[in-house]
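Structural characterization, general
Residue strings, one per chain:
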Amino acid sequence: MPVDTVLHNAKIYTRGRIVEAGLAIDEERIFKIAKETNLPPASTKIDLKGNLTLPSLIDPHVHLRDQQLAYKEDFFSGTAAAAAGGVTLTIDMPNNKPVTMDSKSLRERMRLAEKRVVINVAFYSAFPENLGEVPSIIEEGAVAFKLYMSQKIGGLDIDDDDMFLHAFNAVGKMGVPVAVHAEDRETLENMRRRMEKAGRKDVEAYVKAHPPQAEVKATKRIIQLGKKSSAHLHFCHVSSAAALNAVLEAKNMGLPFTCEVTPHHLLMSSEDLKRYGTLALADPPLRTKDDVKALWTALEHGSIDALASDHAPHTMEEKEVESVWDAKPGIPGLETMLPLLLTQINDGRLTISDLVRLTSEKPAQIFNLRGRGSLDEGNHADIVVVDINREYKIDSSRFYSKARYSPFDDWKVKGKPIKTFVNGQLVMDEGELVAKPGTGQIVRWEG
Ligand code: DOR
Ligand code: ZN
Ligand code: ZN
């Protein structure tokens, strides 16, 4: 019996090295990685022309929107953007309309997504008001919980440490991680008030209103609470040297914490805001060059666990406004992350094994996504083929995302995802989407 597909003439990253081989896929899984003569016959054969073949990206921080925010992005456009960017699994954030915060809202999101997605999607939930509902949310399939400290999203009172601790314990007991947006609400509100009073409405004022101290204060608060619970806490988009140091110190003490960094915080600084304006506005905002340097140092030391896009699409009208206080923070990142990172590899700042660890292996481990994150026999056949030598310019007018803008527009990059396979099926070929809505699957917590 022939297998479904054989990818031949590839350079495959598997078990920490690159091998010249072929890859057989059967029933959505990797059946065999071997020299061509040792591969079974296949119904479909695809020549990868000697290109580098990697586990596709697992992006643990994505806002797919849809439902009442579908005007910004929907399950189809967001996952098409992912496919174009070599990402085959995104974990969807809960700050939706309605907020994902109980089994009912989660079930509804999964029901809608199932028909529309072209890659695999897993879901965060915000905490419910009644923590007794936590088990039912996990049963429904949420792979993690998300805690926003800058504003109340979900049912928790964000000024109440006891509630946080109860929440961490409820989730920790079940082994499910909690991802945290660590910015202190009170600091943000005070600083913003001060800036508005001074008549400021420019992007620099926004950065001032989101100071590193807000990130540090919230981070330290979470660390203290984390020490009292067994929960796995994951720090989202760490951006400042001071907050990073607090996280690394806690990790060094052996606490079960992990952290992620975004490409925009690694590749731009607050100085770039002058040029890019609100298109580069995000929470937390771009930081100083010293902060950026600290992120890179930690990355080089292997202290960062994961890279995540924090793909946060808004309409152009929501970005280009007169006053920065009316602007929506967020950068669409799904279609730029991999090209930007491949460029860093070409520049000698990252290795291929760093890339795979940070964007596939570790995200799979952190979020307990079994059988994913590496090209091993038996794993799901989620694969990206890249042309590591292709030079071009980022062009946001060609994005599949509804957010067709990017601070990275016109940036020269070297390295392009040219084929993306989801569950063994080709979904993107040379930048073109070749899959129908519903090709992707919903990935649920497997306990
Ligand atoms: O920049 C951001 N955008 N940070 C957040 O925390 C929320 C996100 C969004 O949903 O747009
Ligand atoms: Zn956030
Ligand atoms: Zn986010």
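In the block above lies the structure referred to throughout.
Residues numbered from 1 in each chain as written. Chains lettered and ligands numbered in written order. Predicted model: local features only at pLDDT ≥ 70, side-chain atom pairs only at ≥ 80, totals over all residues. Heavy atoms only, no water.

What follows is about the overall build of the chain. The number of helices and strands found in the chain is 14 helices and 17 strands. By the compact-globule yardstick of 22 Å for 447 residues, the chain fits well, its C-alpha radius of gyration being 21 Å. Across its three principal axes, the chain shows a C-alpha extent of roughly 70 × 50 × 40 Å. Expressed as a percentage of its 447 residues, the buried residues of the chain come to 64%. Counting contacts in the chain only where the partners sit at least 6 residues apart, residues at least 24 apart contribute 75% of the total. In the chain, which carries 57 positive and 63 negative side-chain charges, the distance between the mean positions of the two groups comes to 1 Å. (Helix = DSSP H or I, 4+ residues; strand = E, 2+ residues; numbered from the N terminus. Rg over C-alpha atoms; globule rule 2.2 N^0.38 Å. Buried < 20%, exposed > 50% of the residue type's maximum accessible area, 1.4 Å probe, protein only. Contact = heavy atoms within 4.5 Å. Lys, Arg positive; Asp, Glu negative; His and termini not counted. Charge placed at Lys NZ, Arg CZ, Asp CG, Glu CD.)

Coordination of the zinc ion (ligand 3) by the protein is provided by His61 (NE2), His63 (NE2) and Asp310 (OD), with metal-donor distances spanning 2.0 to 2.2 Å. Counting along the primary sequence, the residues that act as donors to the zinc ion (ligand 3) give the motif H-x1-H-x246-D. In this structure, the zinc ion (ligand 3) lies 3.6 Å away from the zinc ion (ligand 2). With histidine 63 in the loop between strand S6 (57-62) and helix H1 (75-84) and aspartate 310 in the loop between strand S13 (306-307) and helix H12 (316-319), this pair connects stretches of sequence that are 247 residues apart. Residue histidine 63 is classed as buried on the basis of its relative accessible area, which comes to 5%. (Donors = N, O, S within 2.8 Å, 3.2 Å for Na, K, Ca; no water.)

Looking now at helix H4 (residues 161-172). Between the first and last C-alpha of H4 there are 16 Å, a value that for twelve residues agrees with the 16 Å anticipated at 1.5 Å per step. Inspection of H4 places Phe164, Leu165, Ala167, Phe168, Ala170, Val171 and Gly172 among the buried residues, and these make up the whole buried set. Contacts from the buried residues of H4 go to helix H3 (134-140), strand S9 (144-148), strand S10 (178-181), helix H7 (212-227) and strand S11 (233-235). The backbone nitrogen of aspartate 162 lies 3.0 Å from a side-chain oxygen of the residue at the head of H4, namely aspartate 160. (Expected span 1.5 Å × (residues − 1). Polar contact = N/O pair within 3.5 Å; in protein donor to acceptor, adjacent residues only side chain to side chain.)

Attention now moves to the pairing of strand S3 (residues 29-34). Examined bridge by bridge, strand S2 (residues 17-26) and S3 share five bridges and lie antiparallel to one another. Counted as the bridge partner of isoleucine 25 is isoleucine 30 from S3. (Pairing = 2+ DSSP bridges.)

The next subject is the nonpolar core. Looking at soluble globular proteins, one finds that nonpolar side chains tend to be buried together. In terms of nonpolar packing, the biggest core is built from 132 residues, with Leu54, Phe127, Leu147, Phe164, Phe168, Ile222 and Leu369 touching the most fellow members. In this structure, phenylalanine 164 is in contact with Leu147, Met149, Leu156, Asp157, Ile158, Arg221, Ile222 and Leu225, ignoring residues within four places of it in sequence. Judged by nonpolar contacts, the second largest core, of 17 residues, contains Ile12, Ile33, Leu48 and Leu375. (Core = buried A, V, L, I, M, F, W, Y, C linked by side-chain atoms within 4.5 Å.)

Glancing now at the site of ligand 1. Near ligand 1, the surroundings consist of His63, Arg65, Asn95, Tyr148, His181, Ala282, Asp283, Ala312, His314, Pro329 and Gly330. Between ligand 1 and histidine 181 there is a distance of 3.1 Å, counted from an oxygen atom to a side-chain nitrogen or oxygen. Between glycine 330 and ligand 1, the recorded distance is 3.4 Å, taken from a backbone N or O atom to an oxygen atom. Its free accessible area being 290 Å², ligand 1 has 91% of it covered by the protein chains. Placement of ligand 1 is best described as lying within the largest pocket. Among the residues forming the shell around ligand 1, the class breakdown is four nonpolar, five polar and two charged. (Near = heavy atom within 4 Å. Areas by Shrake-Rupley, 256 points an atom, 1.4 Å probe, with all protein chains shown as cover. 1 Å grid on protein atoms, 1.4 Å probe; cavity = no way out; pocket = protein on both sides within 12 Å on 5 of 7 lines; lining within 4 Å. Sits in = over half its atoms within 2 Å of the grid points. Nonpolar A, V, L, I, M, F, W, Y, C, P; charged D, E, K, R; others polar.)

Looking at the secondary structure, you find threonine 88 in strand S7 (residues 87-92). A distance of 2.6 Å separates the side chain of threonine 88 from the side chain of serine 56, its partner in a polar contact. Discounting residues that sit within four places of it in the chain, threonine 88 has contacts with Ser56, Leu57, Ile119, Asn120, Asp382, Thr420, Phe421 and Val422.

Moving on, we get to the environment of isoleucine 304. Residue position: isoleucine 304 is located in the loop between helix H11 (289-300) and S13. Distance from isoleucine 304 to valine 247, taken between C-alpha atoms, is 9.9 Å for residues 57 residues apart in sequence. With residues near it in sequence (within four places) discarded, isoleucine 304 still touches Leu244, Cys259, Val261, Leu295, Ala298, Leu299, Arg357 and Leu358.

So, on to empty space enclosed by the protein. Sizing a probe to match a water molecule and rolling it over the atoms shows the empty space that remains. With the rule as written, the count across this model stands at three cavities of 30 Å³ or more. In this structure, the largest cavity spans a volume of roughly 70 Å³. Forming the walls of the largest cavity are Pro55, Ser56, Leu57, Ile58, Thr88, Leu89, Arg372, Gly373, Ser374, His380 and Asp382. Listed by contribution, the elements that provide at least two residues to the lining of the largest cavity are S6 and S7. When the residues that make up the lining of the largest cavity are grouped by side-chain class, the tally is four nonpolar, five polar and two charged. (Points joined across faces, edges and corners; volume = space filled by probe spheres on them.)

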